[in-house]
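Coordinates in review
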Amino acid sequence: MSKDGNNSAAEFLPDRLDLTSLREAAAGCEGCDLYRAATRTVFGEGPAGAAFMLVGEQPGDQEDLQGHPFVGPAGRVLDRGLAEAGIEREDVYLTNAVKHFSFTRQGRRRIHQKPTAAEIGACQPWLNAELAVVEPQVVVVLGATAARALLGRAFRVTRQRGAPVPLGEATAVATIHPSAVLRAPDRDAAYEGFLADLKVAAGQRER
Ligand code: URA
Ligand code: SF4
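The present account deals with the structure reproduced in this document. Throughout this document, residue positions are counted from 1 along each chain, in the order its sequence is written. Whichever chain is written first is A, and whichever ligand is written first is 1; the rest continue in order. With the structure being a predicted model, the display of local features is reserved for residues of pLDDT at least 70 and the display and counting of side-chain atom pairs for 80 or more, all residues being used for whole-chain, interface and lining totals. Excluding hydrogens and water, the side-chain values take into account all heavy atoms of the structure.

1. Examining the side chain of Ser-102
Operational definition: Comment: elements are numbered from the N terminus, with helices defined as DSSP H or I runs of at least four residues and strands as E runs of at least two. Only protein chains enter the accessibility calculation, which uses a 1.4 Å probe. A residue is then buried if its area is under 20% of the maximum for its type, exposed if over 50%, and partly exposed in between. Throughout, a residue-residue contact means that at least one pair of heavy atoms, one from each residue, lies within 4.5 Å.
By secondary structure assignment, the location of Ser-102 is in the loop between strand E2 (92-96) and strand E3 (103-106). Residue classification places Ser-102 among the buried positions, given a relative accessible area of 4%. Leave out the neighbours within four places in its chain, and Ser-102 touches Leu-34, Gln-58, Ile-111, His-112, Gln-113 and Glu-119.

Listed below in structure tokens is the structure:
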């Protein structure tokens with residue numbers, strides 16, 4: 001929480017915007033209450049100047065423990081999709097709309113909880129700064145939370161997925177979240193749709 005009572009990461013942003021200074025500053029972010037129960041900030045990873053920026057929802061249990069984005073089950077779906085769409089890891093900057101794990105406890109388990117609109121808004125300055133520093137050509141929007149942060153609350157992933165839309169200097173392509181592939185009644189069909197959208201994104205790269 002900031003001094004004026006607004007939930008925002010804004011006051012934690014460093015003066016100098018590069019990936020190293022952003023990562024260091026984000027480690028100490030208290031822009032909303034999620035930092036209290038989570039283990040650590042899970043910041044984006046990848047090179048500045050990456051052609052593709054992929055934006056998920058928030059770190060999950062494994063990401064919170066290990067400190068890296070998309071290292072759990074959803075990450076394995078994503079890795080497979082990227083490989084099959086012909087998107088190289090070295091061309092990817094991987095991040096989340098919200099940088100701390102939101103969960104409820106059920107016994108010893110930590111159950112993923114969707115971040116609220118206020119938490120998405122509070123964390124947005126980090127995402128905006130990452131976009132400004134990385135300057136991706138293509139932004140892959142993974143699921144409704146990332147879509148809300150990047151494309152606005154009227155955007156509907158179910159209806160507008162797989163279609164390129166302008167996002168500043170970049171082109172955005174939305175798809176379902178890789179976790180949704182894992183939860184789908186027909187996983188193979190869900191994965192094929194996910195892969196088709198990633199291929200659209202791959203085709204938006206200019207150089
Ligand atoms: N789900 C996400 O949205 N991001 C991660 O980093 C892991 C799972
Ligand atoms: Fe800061 Fe985002 Fe973590 Fe909230 S979720 S404390 S705004 S980094």
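Here the narrative resumes.
2. Looking at the site of ligand 1
As a reminder, the rule being used: Residue proximity to a molecule or strand is established when one non-hydrogen atom of the residue lies within 4 Å of it. In protein, a polar contact requires one atom able to donate a hydrogen and another able to accept it; more generally it is a pair of N or O atoms within 3.5 Å, and residues adjacent in sequence count only if both atoms are side-chain atoms. To measure how exposed things are, a 1.4 Å probe is used in the Shrake-Rupley method; for residues, cover is taken only from the protein chains shown. Residue classes follow a fixed rule: Ala, Val, Leu, Ile, Met, Phe, Trp, Tyr, Cys and Pro count as nonpolar, while Asp, Glu, Lys and Arg count as charged, and any other residue, Gly among them, counts as polar.
Taken together, Gly-56, Glu-57, Gln-58, Pro-59, Gly-60, Glu-63, Pro-69, Phe-70, Asn-96 and His-177 form the complete shell of residues around ligand 1. Glu-57 places a polar main-chain atom, nitrogen or oxygen, 2.7 Å from an oxygen atom of ligand 1. Contact distances for ligand 1 include 2.7 Å between a nitrogen atom and a side-chain N or O atom of Asn-96. Out of a free accessible area of 230 Å², ligand 1 has 94% covered by protein chains. Residue composition of the shell around ligand 1, grouped by class: three nonpolar, five polar and two charged.

3. Thoughts on the sheet that holds E2
Here is the rule: For two strands to pair, DSSP has to find at least two bridges joining them. Helix axes are fitted to C-alpha atoms over the stretch in contact, other axes to C-alpha atoms as well, and angles between N-to-C directions run from 0 to 180 degrees.
Spatially, E2-E1-E5-E7-E6 is the arrangement adopted by the five strands of the open sheet, whose pairing is mixed. Looking along the sheet, the strands with just one partner apiece sit at the ends: E2 and strand E6 (165-167). Each neighbouring strand pair of the sheet contributes to a mean axis angle of 30°, computed without reference to strand direction. Two elements, E6 and strand E7 (residues 170-175), share three bridges in a ladder whose sense is antiparallel. When the sheet's bridge partners are listed, Leu-167 is paired in E7 with Ala-170. On top of the sheet, helix H6 (residues 144-151) reaches strand E1 (52-56), strand E5 (138-142), E6 and E7; it is set at about 135° to E5, its chief contact. In the packing of helix H9 (residues 187-203) onto the sheet, contacts are made with E1, E5 and E7, and the angle to E7 comes to roughly 175°.

4. Side note on the site of ligand 2
All residues in the neighbourhood of ligand 2 are listed as Ala-9, Cys-29, Gly-31, Cys-32, Tyr-35, Val-98, Lys-99, His-100, Ala-122, Cys-123 and Trp-126. With three residues, the top contributor of residues to the shell around ligand 2 is helix H5 (residues 117-134). Across the shell around ligand 2, the residue classes break down as eight nonpolar, two polar and one charged.

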